[in-house]
Amino acid sequence: MSGVSAALRAGDYAATVTGTAGALASLTYRGRDLVVPFAPGAPIPAFRGIVAAPWPNRLADGRYRAAGRDLAVPVTEPERGCALHGLALAREWDLVAHDGVTVAFALDLGPSEGYPFRLRLEVRYALSAGGLDWSVRAANVGEGRAPYGVCPHPYLVAGPSPLDSWELQVPGEAFLEVTPDRLLPLGTRTVEGHEFDFRESRTIGQTEIDHAFTRLRFDQGVARAVVRDPSGSGVVMEWDAGCPWVQVHTADRPAPAPSRLGVAVEPMTCPPNAFASGTDLVWLAPGEEHKTGWRIRALEG
């Protein structure tokens, strides 16, 4: 459940952030939703707007090895036998700053049996005429090197038309193939000639995506994913090389759940199952900090 919430407003933008999971509950531009919203004080559906830390995406069987030990965190996706989206999503974060255009929440995470490390996490949202800047800082305030990864989880909304009619552009030259049953990594393959080739903007149609893209194209240090409605409105999400992966999900849900409401765009510091594979995993030494961030802005029709 969502606890404390904070409203932000700057120019034509407005946003609401909640203390639960440090989540982005809503973001609008001239009254138009840029993300699929949820009501503060209600359950957060489908991980909308959360901060996924200290790992993004899935960890197979919740098992990994660190600090010379075999460790296990709770399996939170039992149908696939995975620990999903970290440990911070079910926690209430503390409000530490709010001035109407910026807000910051902080969380002391760990140690626990499955994650015997202590992190201080801080999420900061800053709204301006240029959009929403969203950043996460992690500090190792405990002992021993701590494994770490992070991503945001917004579902972008291009406009009023059905998702199938939206155009999508993703700057990934390769994507991570996954097992069909558990969505666990098998290996990367090029998008060339594949239905996941969205390097140039094109209509999504009936394509279903729940995959991580990599080998990202950075234009002057910035990667961009774009969703655009046939009306011309849309949303851009931008990030830097601190996130060499991006998970894209067309939010397909089995009936009767609402399906394909938005496109999840999740810039990630590491791929799924990184705690087990070690791929692009961040290791924080005691006293060390890590910071990364993203921007969401509107496209006008």
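1. So, the overall build of the protein
Helices and strands together make up the secondary structure of the protein, namely one helix and 27 strands. Taking 2.2 N^0.38 as the reference for a compact globule, 301 residues should give roughly 19 Å; the C-alpha atoms of the protein span a radius of gyration of 18 Å, in line with that estimate. When contacts within the protein are restricted to residue pairs at least 6 apart in sequence, those whose partners lie at least 24 apart make up 65%. Side chains of the protein carry 28 positive and 35 negative charges; the gap between the two charge centres is 2 Å.

2. Topic: the packing of aromatic side chains
Counted by the stated rule, this structure contains 10 aromatic pairs. An angle of 55° between the planes, with centres 6.2 Å apart, marks the rings of Phe196 and Phe213 as tilted. Of the two residues, Phe196 sits in the loop between β19 (185-190) and β20 (202-203) while Phe213 sits in strand β21 (residues 210-216), which places them 17 residues apart along the sequence. Exposure class is identical for Phe196 and Phe213. Each is buried. A connected cluster of aromatic rings, assembled from ring pairs, spans Trp55, Tyr64, Tyr115, Phe117 and Phe275. Positioned above the aromatic ring of Phe198 is the side chain of Arg202, whose terminal nitrogen or guanidinium carbon lies 3.9 Å from the ring centre.

3. A word on the side chain of Thr16
Mapped onto the elements, Thr16 comes out in strand β2 (residues 13-18). If near-sequence neighbours (up to four positions away) are discounted, Thr16 is found in contact with Ser5, Ala6, Ala23, Leu24, Ala25, Ser26 and Pro40.

4. Structural notes on the nonpolar core
Leu24, Leu27, Leu121, Tyr125, Tyr148, Phe213 and Trp239 are the most contacted members of the largest nonpolar core, which totals 79 residues. Ranked by residues supplied to this core, first place goes to strand β12 (residues 119-128) with five residues. Ala23, Cys151, Trp245 and Met268 belong to the second largest nonpolar core, which has 11 residues in total.

5. Observations regarding unusual backbone geometry
A cis amide bond links Ala53 with the next residue in sequence, Pro54, at an omega value of 5°. Considering the arrangement of structural elements, one finds Pro54 in the loop between β5 (51-52) and β6 (58-60). Of note, the bond from Ala255 into Pro256 is cis; its omega dihedral lies within 30 degrees of zero at 5°. With respect to the helices, strands and loops of the structure, Pro256 is situated in the loop between β24 (245-249) and β25 (263-268). Although it is not a glycine, Ala21 adopts a positive phi angle of roughly 65°. Considering the arrangement of structural elements, one finds Ala21 in the loop between β2 and β3 (24-29). Residue Ala21 is classed as buried on the basis of its relative accessible area of 0%. Not every positive phi belongs to a glycine, and Ala46 is a case in point at roughly 55°. Mapped onto the secondary structure, Ala46 falls in the loop between β4 (32-33) and β5. Under the relative-accessibility criterion, Ala46 is labelled partly exposed at 28%.

Reading guide: rules and limits
Residues numbered from 1 in each chain as written. Predicted model: local features only at pLDDT ≥ 70, side-chain atom pairs only at ≥ 80, totals over all residues. Heavy atoms only, no water. Helix = DSSP H or I, 4+ residues; strand = E, 2+ residues; numbered from the N terminus. Rg over C-alpha atoms; globule rule 2.2 N^0.38 Å. Contact = heavy atoms within 4.5 Å. Lys, Arg positive; Asp, Glu negative; His and termini not counted. Charge placed at Lys NZ, Arg CZ, Asp CG, Glu CD. Phe/Tyr/Trp six-rings, centres within 6.5 Å; stacked < 30°, edge-to-face > 60°. Buried < 20%, exposed > 50% of the residue type's maximum accessible area, 1.4 Å probe, protein only. Lys NZ or Arg CZ within 6 Å of the ring centre and 35° of its normal. Core = buried A, V, L, I, M, F, W, Y, C linked by side-chain atoms within 4.5 Å.

Function cannot be read off these values alone, since they describe shape.
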